Amino acid sequence: MVEPYCYACGAPNPRAFYTVDAVPVHSVLLMPSRDEALRYPRGRLELGFCSNCGFIQNNAFDPSLHEYSTRYEETQGFSPTFTRFAEELARGLVERYGIRGKTVLEIGCGKGEFLSLLVELGDNRGIGIDPSLIPERLPASARERILSVQDFYENHVDLTREADAVICRHTLEHIQPVQDFIQLVREGIGNRRDVLVCFEVPDVARVLEENAFWDVYYEHCSYFSLGSLGRLFREAGFELLELYRDYGDQYLILVGRVGTNGERFSGEESPKRLERMVAVFETRVQEAMDVWRERFAAWRAAGKRVVLWGGGSKGVAFLTTLGLGEEVGYVVDINPYKQGMYMPGSGHEVVSPAFLEAYRPDVVIVMNPIYTEEIQAELARLGLEPELVRVGVPA
Ligand SMILES: [Zn+2]
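Numbers given for residues are sequential positions, taken from 1 along each chain in its written order. Residue-level local features of this predicted model are given only where pLDDT is at least 70; pairs of side-chain atoms are given and counted only at 80 or more, and the full residue set underlies all totals for whole chains, interfaces and linings. Side-chain numbers come from the whole structure's heavy atoms, not from hydrogens or water.

As recorded in an unreviewed UniProt entry, the protein chain goes by C-methyltransferase and comes from Marinithermus hydrothermalis.

Caption draft 1: Broad picture of the nonpolar core. Grouped together as the largest cluster of nonpolar side chains are 51 residues, with contacts concentrated most on Y18, W292, F296, F318 and I365. Where helices and strands are cited, they refer to DSSP runs of H or I of at least four residues and of E of at least two residues respectively, numbered from the N terminus. Take this core: its biggest share by element is 9 residues, from helix α8 (residues 271-301). Contacts were defined at the residue level, with two residues in contact if any of their heavy atoms lie within 4.5 Å. Not counting residues within four places of it along the chain, the set of residues in contact with I365 comprises W292, F296, W299, V306, V307, L308, W309, F318, V389 and V391. Judged by nonpolar contacts, the second largest core, of 41 residues, contains L105, L226, A236 and L243. In this text, buried Ala, Val, Leu, Ile, Met, Phe, Trp, Tyr and Cys residues form a nonpolar core when linked through side-chain atoms within 4.5 Å. Throughout, exposure labels follow a simple rule: accessible area from a 1.4 Å probe, protein chains only, divided by the maximum for the residue type, with under 20% read as buried, over 50% as exposed, and the rest as partly exposed.

Caption draft 2: View of the pattern of salt bridges. A carboxyl oxygen of Asp or Glu within 4 Å of a side-chain nitrogen of Lys or Arg is what we treat as a salt bridge. As enumerated under the stated definition, the model contains 20 salt bridges in all. Salt-bridge contacts for E242 lead to R96; the nearest nitrogen and oxygen are separated by 3.1 Å. You can see E242 sitting in strand β10 (residues 238-246) and its partner R96 sitting in helix α2 (residues 80-97), a full 146 residues away along the chain. Look at E242 and you get buried, because its relative accessible area is 15%. The salt bridge partner of K272 is E275, with a shortest N-O separation of 3.2 Å. Of this pair, K272 and E275 are both found in helix α8, 3 residues apart, which corresponds to roughly one turn of the helix. Relative accessible area serves as the criterion here: at 26%, E275 is assigned to the partly exposed category.

Caption draft 3: Region of the structure containing the sheet that holds strand β4 (residues 103-107). Judged by pairing direction, the sheet is mixed, and its 7 strands sit side by side in the order β6-β5-β4-β7-β8-β11-β10 without closing on themselves. Each of the sheet's edge strands pairs with one partner strand only, and the pair in question is β6 (146-149) and β10. Shown here is a sheet whose adjacent strand axes are inclined to one another by a mean of 15 degrees, direction ignored. Strand pairing is assigned whenever DSSP identifies at least 2 bridges connecting the two strands. Taken together, the 8 bridges between β10 and strand β11 (residues 251-258) define a ladder with antiparallel strand orientation. The partner of E239 across the bridge, within β11, is R257. All axes here are fitted lines through C-alpha atoms, helices being fitted over the stretch that makes contact, and every angle between N-to-C directions spans 0 to 180 degrees.

Caption draft 4: Representation of unusual backbone geometry. A positive phi is found at A22, a non-glycine position, where the angle reads about 55 degrees. The topology assignment puts A22 in strand β1 (residues 15-24). In this structure A22 comes out as partly exposed when scored by relative accessible area, which is 39%. In this model, H170 sits at a positive phi of 55 degrees, which is unusual for a non-glycine residue. You can see H170 is positioned in the loop between β7 (165-169) and α5 (178-189).

Structure (structure tokens):
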């Protein structure tokens, strides 16, 4: 076997500190039958920490197991909370950096919601690149001004030459050779210093602090902190204009451009500091899982009906990492494209919120606390008052 090396800086042997065997290789691909969901291919997770640059990666990641296609249902656009956040980010970029009458390229644009926002807010032209892009699902108001490229960015780097801004949200964490990838973007831009780049990824520091094992899954092979993300971009020849946490401190936002100046931002921790956080996570995460297993056992013994709210990757990781089956009745999701489908790995059926009116759950596990208010409002509308348990929030 080849010794692993850090995909962000090239240093040898990222130290393994967390492993999960047999996790579904995809967590948001729709499974039309329980059988198919249960038989879904699995891979191995082995998180490794690079003490040189602070980057965390799945050392055991096998990119050949991946299937990114139009069946890939990643959108969070059905949530008002997420939509509001995206609107504020888009408006901020347009206003602060004058992205008006320009060409915006989005790498990994998903179903194109964010790109459409930028196109409409700034009267821009868009280039959307994503293997799961479905042009018909683009809002009619923006469709004509967006060039849809249903493919991977690596095959269309030349399009970067046309871009005044390069956006990439929740994509870099799915890419294994992150250093090579950022270098591609850098080369695509050339020496045009007026081209803005904006990247958004989950914050691994929060995952470590909260023992959030549900935020570690196969699709995410790369994990960033403020420090490691900043270092990666500076090494590739970018200077940073903004670097901060947002969305209840769950996401990192980086805005930059080609250059070598640029300040350091508050919160950019050293690899040493991250190393200590990794060590704490390593000693506490199994304990955190045991606490959850005991809770589910108690609910089951008491005959309580338990559902999970959130049929995305967090839900899949939570169910499969804890090895839950009948302890959870259903998974609720507001995305109509997911309802009636099954969770890969655990085989739980995904239902609509309205389904709960008849099912009357006793306990609702909230997979992302930022949606608590939305969920509470929906439950109240249905006349339900189950116990809400939020993951990542101390009981
Ligand atoms: Zn490294």
